[in-house]
Amino acid sequence: MTRRGVHRLTRYTGSRRRAAILGVLSVGVVAGLVATMMPLLADDDAALVAVADTTATTVPQDGDNGAKTTLATCPAPCDGNPRGTRDAVIRFAVTDLPATAVNIRATLRVHTWRDAAAAVTAYASTVDAGESRPAPVELGDVLDSVSTVTRGFNEWDVSGLVRGNGTVTVALAQSGLDTRIYWASRENRDPGLHPRLVLSYDVGTGASPTVSAPPPTSAPATPPTPSATPRTEPPATPSPTRPTATTPAPAPTTPPASGSGRCGTVSPILVPSCGAWWGMYSPASAGNGWDHGQSVADVEAQVGRTFDVVHRYHDFSNSGSNGAFPDRYQQEQMRQGRIPFFAWESRVFSSGTVLTWADVYSGRHDATIDAVAGRIRAIGSPVFMGFDHEPEDEPAKGSDADFVRAWRYVHDRFERAGADNAVWVWVMMGWSGHHHRYAGLYPGDRYVDWVGYDPYNFHVCNGSTVWKSPHDTVGGFYRWLDANGIGAGKPRMLAEFGTNLHPDDPDAKRRWFEQFPAALKAHPKIKAAIYFNSPGMTRKTSTCDMTMNHDASALAGFAAAGRDSYLRQPTGLGKPR
């Protein structure tokens, strides 16, 4: 997150780069995984509009539900009627999945105009969604559930229904609130509100699965707010024991064999075959003795899992934990199976010195670049590497063209040093006010492995009155990238993301986190999400706190998100699963 560089007055650690073999995997395991399966990311996700929908009920006063602009859900008794049950039934036709589609993911998105303290569960259904007022029937298999309904689009993972081309029908059933919730139907006059099924898949080498699902009985983007990367760590930390160019960081542990035939593999540039990596930036402080390992372990203990990716910011000092990375904390994290993300910044934290991009490509800092490249090469397995994240907010460093030249210069020196295990992540703010600059800031496909951006739901932290859902938070720049072809076909990363609390709703942040996995599933090109657990450029107040563990409710929501199967990779990385 950045706002006019304020956060950059504090310390960083990290760097991004392209990987040539699996995550933090040993060379032997890499060979085995590459031999078994290396799925390609599908170029696009498909959003299918419903072909039929209706409300199933025995209430005759409802009339022709198939022609209405709304669907309804309600348990019995409903609004005082003991036989007033209503289930929303929606049918889709899946027709364009290729024969080689594997790892098919399907997300149902349905819009409502209100918040409600109700749970709504998606079931497989045999009801004919083309009927005007079918009677409710016994519900099929449970697919997914939302514990609270929020105004806007709600999302359910219905991947269990889709095995290939064919028709799929979903029923939504409500509990916990005995009055009707209305949802937009396919007949609604606003096409942007129609129910949709968002599909994504990987491209495999074998035949596709056969037709899916139980058949029926008959046949506008809001631009993100400026991503202000908060950084509040002090400028210097003690220098723990570190590896040198001749002291390789220890190789990470070998992961166990995957138990899944469809998931569990990782590409040479660290793309998981299913779901997404779950990561954390958790700054150290004087209070914990600048122990960067403990700062992550403490959060892991709170949420009950190990993070896949650990993100830190580093500088050009080439000394101490700030500049001589990987340090001993990162070596231990790699031994335990985590993937490091080194975000390398062209400045010196302890002195506040800011390097220009011309300084970088002039050759004056080649010794530092080469030393870092040597230590990265010595790791021996792929790691995420970045250079000067959010450059659009660094006017003092030079022009956009200077940034591209500096990026390519650093990349090429790594390449000449044999550090081809660096997986390069290009990270932008993603703010709409800079859209016109991003083509000029892109170093080119040869120099970039992942495309990253930093979306936030700041709410009142930056003076906004808009509370953005996870879907809206991550969706704006995602759609812009799709429309403009920057980094087309490359995996995407939320290199930082976060949300504020809601001053008028103590549980809003918990629900935001609970809904976050569904937002990722609806944006399947995002293959890693890293929470920025720091106030950064914001200030902690009674109405502003961007950390995920400031109270029990927020922590419970974040922990629930991390338990979602989409974020629990069966690869052996980031164990235990």
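Residues numbered from 1 in each chain as written. Predicted model: local features only at pLDDT ≥ 70, side-chain atom pairs only at ≥ 80, totals over all residues. Heavy atoms only, no water.

Participant: I tried to follow the packing of aromatic side chains on my own but got confused; where do I start?
Facilitator: For any pair of aromatic rings, geometry is given as the distance between the ring centres together with the angle between the planes. This structure, assessed with the given rule, holds 33 aromatic pairs. Here the aromatic rings of F414 and W424 are separated by 5.1 Å at their centres, their planes lie at 70 degrees, and the arrangement is edge-to-face. Within this pair, whereas F414 is found in helix α7 (residues 400-416), its partner W424 is found in strand β19 (residues 422-428), the two being separated by 10 residues in sequence. Ring geometry for W512 against F513: centres 5.8 Å apart, planes inclined by 85 degrees, an arrangement best described as edge-to-face. Judged by its relative accessible area of 1%, F513 is buried. Ring pairing ties together the aromatic residues F316, F325, F342, W344, W357, F387, F403, W407, F414 and W424, which thus form one cluster. A cation over an aromatic ring shows up here: R109 above the ring of F153, its NZ or CZ 4.1 Å from the ring centre. When the ring centre of Y478 is taken as origin, the NZ or CZ atom of R492, which lies over that ring, is 4.6 Å away. (Phe/Tyr/Trp six-rings, centres within 6.5 Å; stacked < 30°, edge-to-face > 60°. Helix = DSSP H or I, 4+ residues; strand = E, 2+ residues; numbered from the N terminus. Buried < 20%, exposed > 50% of the residue type's maximum accessible area, 1.4 Å probe, protein only. Lys NZ or Arg CZ within 6 Å of the ring centre and 35° of its normal.)

Participant: Where do I start with the nonpolar core in this structure?
Facilitator: Proteins that are soluble and globular tend to have nonpolar side chains buried together. Ranked by internal contacts, the top residues of the largest apolar core, which has 69 residues, are I376, M385, F387, F414 and W426. With 7 residues, α7 is the largest single contributor of residues to this core. In this structure I376 touches F325, F342, V383, M385, F414, N421 and A422, once residues within four positions along its chain are discounted. (Core = buried A, V, L, I, M, F, W, Y, C linked by side-chain atoms within 4.5 Å. Contact = heavy atoms within 4.5 Å.)

Participant: How do you make sense of helix α4 (residues 328-335) when you look at a structure like this?
Facilitator: Three or more residues of α4 are buried, namely Y329, Q330, Q331, Q333 and M334. Considering only its buried residues, α4 is in contact with α2 (292-303), β14 (309-314), α3 (320-323), β15 (339-344), α6 (366-379) and β18 (383-387). The opening residue of α4 is D327, an N-cap whose side-chain oxygen sits 3.1 Å from the backbone nitrogen of Y329. Two residues or fewer after α4 comes G337, characterised by a positive phi angle close to 105 degrees. (Polar contact = N/O pair within 3.5 Å; in protein donor to acceptor, adjacent residues only side chain to side chain.)

Participant: It is not clear to me how the pattern of salt bridges should be interpreted in this structure. Could you clarify?
Facilitator: Working definition: two side chains of opposite charge can pair if their charged atoms are close together. The final tally for this structure, using the stated rule, is 25 salt bridges. Between D308 and R305 there is a salt bridge whose closest N-O contact spans 3.4 Å. Each member of the pair, D308 as well as R305, carries the same accessibility label: buried. A salt bridge links R347 to E394; the shortest N-O distance between them is 2.9 Å. Taken together, the residues R347 in strand β16 (residues 347-348) and E394 in the loop between β18 and α7 connect sequence positions 47 residues apart. (Salt bridge = Lys/Arg side-chain N within 4 Å of Asp/Glu carboxyl O.)

Participant: Is there a simple way to think about the state of the cysteines in this case?
Facilitator: One way to say it: the disulfide is the covalent bond shared by the sulfur atoms of two cysteines. With the rule as written, the count across this model stands at 2 disulfides. Covalently, C74 is tied to C78 through a disulfide, its sulfur atoms 2.1 Å apart. Residues C74 and C78 share a disulfide whose torsion about the S-S bond is about 105 degrees; that sign makes it right-handed. C78 shares its class with C74; the two are buried. The disulfide bridge from C461 ends at C544, spanning 2.0 Å between sulfur atoms. With the S-S bond torsion at 110 degrees, the cross-link from C461 to C544 turns out right-handed. Taken together, the positions of C461 in the loop between β21 (456-457) and α9 (470-484) and C544 in the loop between β23 (526-532) and α11 (552-562) put the pair 83 residues apart, joining distant regions of the chain. Each member of the pair, C461 together with C544, is buried. (Disulfide = S-S within 2.5 Å.)

Participant: Which parts of the structure should I look at to understand the side chain of R338?
Facilitator: By secondary structure assignment, the location of R338 is in the loop between α4 and β15. For R338, the side chain forms a polar contact with the side chain of Q336, separated by 2.4 Å.

Participant: Explanation requested: the layout of surface pockets in the structure shown.
Facilitator: If a probe as big as a water molecule is rolled over the atoms, it shows which places are left empty. In this structure, the second largest pocket encloses a volume near 400 Å³. Taken together, 23 residues make up the lining of the second largest pocket; nearest its centre are S145, V146, E514, Q515 and P517. When residues of the lining of the second largest pocket are traced back to their parent elements, those giving at least two are β8 (142-146), β9 (152-157), α9, α10 (508-521) and α11. No other element matches the 7 residues that α10 contributes to the lining of the second largest pocket. Along the lines of polarity and charge, the residues of the lining of the second largest pocket split into 8 nonpolar, 8 polar and 7 charged. (1 Å grid on protein atoms, 1.4 Å probe; cavity = no way out; pocket = protein on both sides within 12 Å on 5 of 7 lines; lining within 4 Å. Points joined across faces, edges and corners; volume = space filled by probe spheres on them. Nonpolar A, V, L, I, M, F, W, Y, C, P; charged D, E, K, R; others polar.)

Participant: What is the right way to read α7 from this model?
Facilitator: Because an α-helix packs 3.6 residues into every turn, residues spaced three or four apart end up facing the same way. The terminal C-alpha atoms of α7, which comprises 17 residues, lie 25 Å apart, in line with the 24 Å expected from a rise of 1.5 Å per residue. Buried within α7 are the following residues: D400, F403, V404, A406, W407, Y409, V410, H411, D412, R413 and F414. The inward-facing, buried residues of α7 abut β15, α5 (357-361), α6, β18, β19 and α8 (438-441). Following α7 by one or two positions, G418 adopts a phi angle in the positive range, close to 80 degrees. (Expected span 1.5 Å × (residues − 1).)

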